[in-house]
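# Report on the structure
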Amino acid sequence: MSHHIVEATDVRYAYSDGTSALNGVSFRITHGEAVAIVGANGAGKSTLLGHLVGWLSPSSGTIRIGDTILTQQTLAIIRRTVGMVFQEPDDQLFMPTVFEDVAFGPVNMGLPHDQVHARVASALATVGMEHLAHRPPYHLSGGEKRAVAIATVLAMSPDILVMDEPSSGLDPRARRRLIALLMSFEHTRIIATHDLDLALELCPRTIVLHKGQVAADGPTAKLLTDPAVLEPCGLEKPLSLQGCPVCAATGRQS
Ligand SMILES: Nc1ncnc2c1ncn2[C@@H]1O[C@H](COP(=O)(O)OP(=O)(O)OP(=O)(O)O)[C@@H](O)[C@H]1O
Ligand SMILES: [Mg+2]
């Protein structure tokens, strides 16, 4: 299943104003892995994810998806393989109704009408938003928009799923549903997140970015409990590992 491999080799990227956002990032993610990308604000997570779907091109270095090096010529192939949920749902939703937004990808894939309908229904049901199908996306709440943005990508059935802060703005039940969904997804998942509890639960492997470089890459349970990794990168232990403050104050075990 080499086509599900994602490889970055010494990727560097500077924005047009000269800001160096990636300063030599390398990793290899293999088929079926669930990998968290964590790091403080501005560490380069979104910039890195933008490279994995070709929204940004490296100033130097390469991105390889399966056997294909990402270039302008291979962009169409890569975008059929990699589905990306953006950090801002408003960047993903632009059609008059939720239905049309979720149908947009399948229609562009040239699928017949009945298959488009089946995919839209299934993707919206998966994120629990089928009741919103005929609403305009711009009138939805933040969490509803995020769920619909996830549905637009699920409807494409990508081999590789890339998500930028997918749990941000979700209520606890929607967050739990998202985690269960991502756990059931068998393909490669790359998830940039500040939700370190989600990373701990969902992703056996974590890549820690700091100032555009890979500060650590290894087992999530090990890295996210190691102050020598977390503190220099401006991170804190997942809440679930910090102990209960009420129990600590009353001397009870958490
Ligand atoms: N369009 C842009 N033009 C110039 N600099 C940018 C642009 N977008 C991001 N940057 C800069 O690139 C660096 C990395 O930003 P990026 O958005 O990748 O960080 P991030 O890790 O996703 O942060 P966050 O956790 O806040 O989402 C930051 O220094 C940021 O200020
Ligand atoms: Mg970001």
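Residues numbered from 1 in each chain as written. Chains lettered and ligands numbered in written order. Predicted model: local features only at pLDDT ≥ 70, side-chain atom pairs only at ≥ 80, totals over all residues. Heavy atoms only, no water.

## Regarding the layout of surface pockets
- Roughly 540 Å³ of internal volume is contained in the largest pocket.
- Along the wall of the largest pocket there are 19 residues; nearest its centre are Trp55, Gln92, Phe104, Gly105 and Met156.
- For the lining of the largest pocket, the secondary structure elements donating two or more residues are helix H2 (75-81), strand E6 (82-85), helix H3 (98-108) and helix H5 (142-154).
- Per element, the largest residue contribution to the lining of the largest pocket is four residues, and it comes from H3.
- Here the residues of the lining of the largest pocket sort into ten nonpolar, five polar and four charged.
- In this structure, the second largest pocket occupies an estimated 200 Å³ of space. (1 Å grid on protein atoms, 1.4 Å probe; cavity = no way out; pocket = protein on both sides within 12 Å on 5 of 7 lines; lining within 4 Å. Points joined across faces, edges and corners; volume = space filled by probe spheres on them. Helix = DSSP H or I, 4+ residues; strand = E, 2+ residues; numbered from the N terminus. Nonpolar A, V, L, I, M, F, W, Y, C, P; charged D, E, K, R; others polar.)

## Thoughts on empty space enclosed by the protein
- Enumeration according to the criterion identifies one cavity of 30 Å³ or more in this entry.
- Counted as a void, the largest cavity has a volume near 70 Å³.
- Lining the largest cavity are Thr126, Val127, Ala147, Ile150, Leu170, Ala174, Arg177, Leu178 and Leu181.
- Within the residue set of the lining of the largest cavity, elements represented by two or more residues are H5 and helix H6 (172-184).

## A word on the environment of His131
- Along the chain, His131 falls in the loop between helix H4 (113-126) and H5.
- Along the primary structure His131 and Pro158 are separated by 27 residues, whereas in three dimensions their C-alpha atoms are 24 Å apart.

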